[in-house]
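# An overview of the molecular structure
One-letter residues, chain by chain:
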Amino acid sequence: MKDPGRDWEDGTPERLYVITGGRSGPLQSTTTLDLVTLIIARSGPRPGMQPEHAAIMRLCQSPLSVAEVSAYLGLPVSVVTVLLGDLLAAQQVISRPPVAPAQLPDLALIEAVIDGLRKL
């Protein structure tokens, strides 16, 4: 039989509803968060913060992706994006897109360089 005192420690829908305050999205949607968006805390957790918000603040002292935050907290990405939206609105975290992949040089240029090196 399940211990009723441990209901808050699992991923029940009721717990997730309470964590997000019943919301399915952030209060203010100024930034789009996807799985690879990097999150950086501006400071440490403040007294009186919701435990999940405080955990995010502790985790994100160095940049972490939304997917990593979700994995470390053991919460669905949808719940984490709501929590991150709260922290972004309060300007307690910074979000930034991941570093764009490097653009490869033109293949013709590479071939020209190789030809030039062979002629040396």
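Residues numbered from 1 in each chain as written. Predicted model: local features only at pLDDT ≥ 70, side-chain atom pairs only at ≥ 80, totals over all residues. Heavy atoms only, no water.

## Remarks on the confidence of the model for the protein chain
Going by this rule: The score called pLDDT rates the predictor's confidence residue by residue, from a low of 0 to a high of 100. In this description, contact between two residues means that some pair of their heavy atoms is separated by no more than 4.5 Å.
For the protein chain, per-residue confidence averages 81 on the pLDDT scale, and residues scoring 70 or more make up 76% of the total. With pLDDT under 50 throughout, residues 1–8 is counted as low confidence; its partners more than four residues away or in other chains account for seven contacts.

## Here's the deal with the environment of Pro-45
The line we're drawing: Elements are defined by DSSP. Helices are runs of H or I of four residues or more, strands are runs of E of two residues or more, and each kind is numbered from the N terminus. The cut-offs for exposure are 20% and 50% of the maximum accessible area for each residue type, with area from a 1.4 Å probe on protein chains only; residues under the lower value are buried, those over the upper are exposed, and the others partly exposed.
On the secondary structure map, Pro-45 appears in the loop between β1 (38–41) and α2 (51–59). Using a relative accessible area of 34% as the deciding quantity, one classes Pro-45 as partly exposed. Along the primary structure Pro-45 and Ile-56 are separated by 11 residues, whereas in three dimensions their C-alpha atoms are 8.3 Å apart.

## Here we look at the packing of helix α3 (residues 66–73) against helix α4 (residues 77–89)
For clarity, the threshold we go by: Fitted lines through C-alpha atoms serve as axes, helices being fitted only where they are in contact, and the angles separating the N-to-C directions of these axes extend from 0 to 180 degrees. Note on angle classes: values under 35 degrees are labelled roughly parallel, values over 145 roughly antiparallel, values of 65 to 115 roughly perpendicular, and the remainder oblique.
Interaxial distance between α3 and α4 falls to 9 Å at its minimum, and their mutual angle equals 110°. As summarised for this structure, α3 and α4 are arranged roughly perpendicular, according to the angle between their axes. Note on element contacts: α4 touches α3 through Val-77, Val-80, Thr-81 and Leu-84, opposite Val-66, Val-69 and Ser-70.

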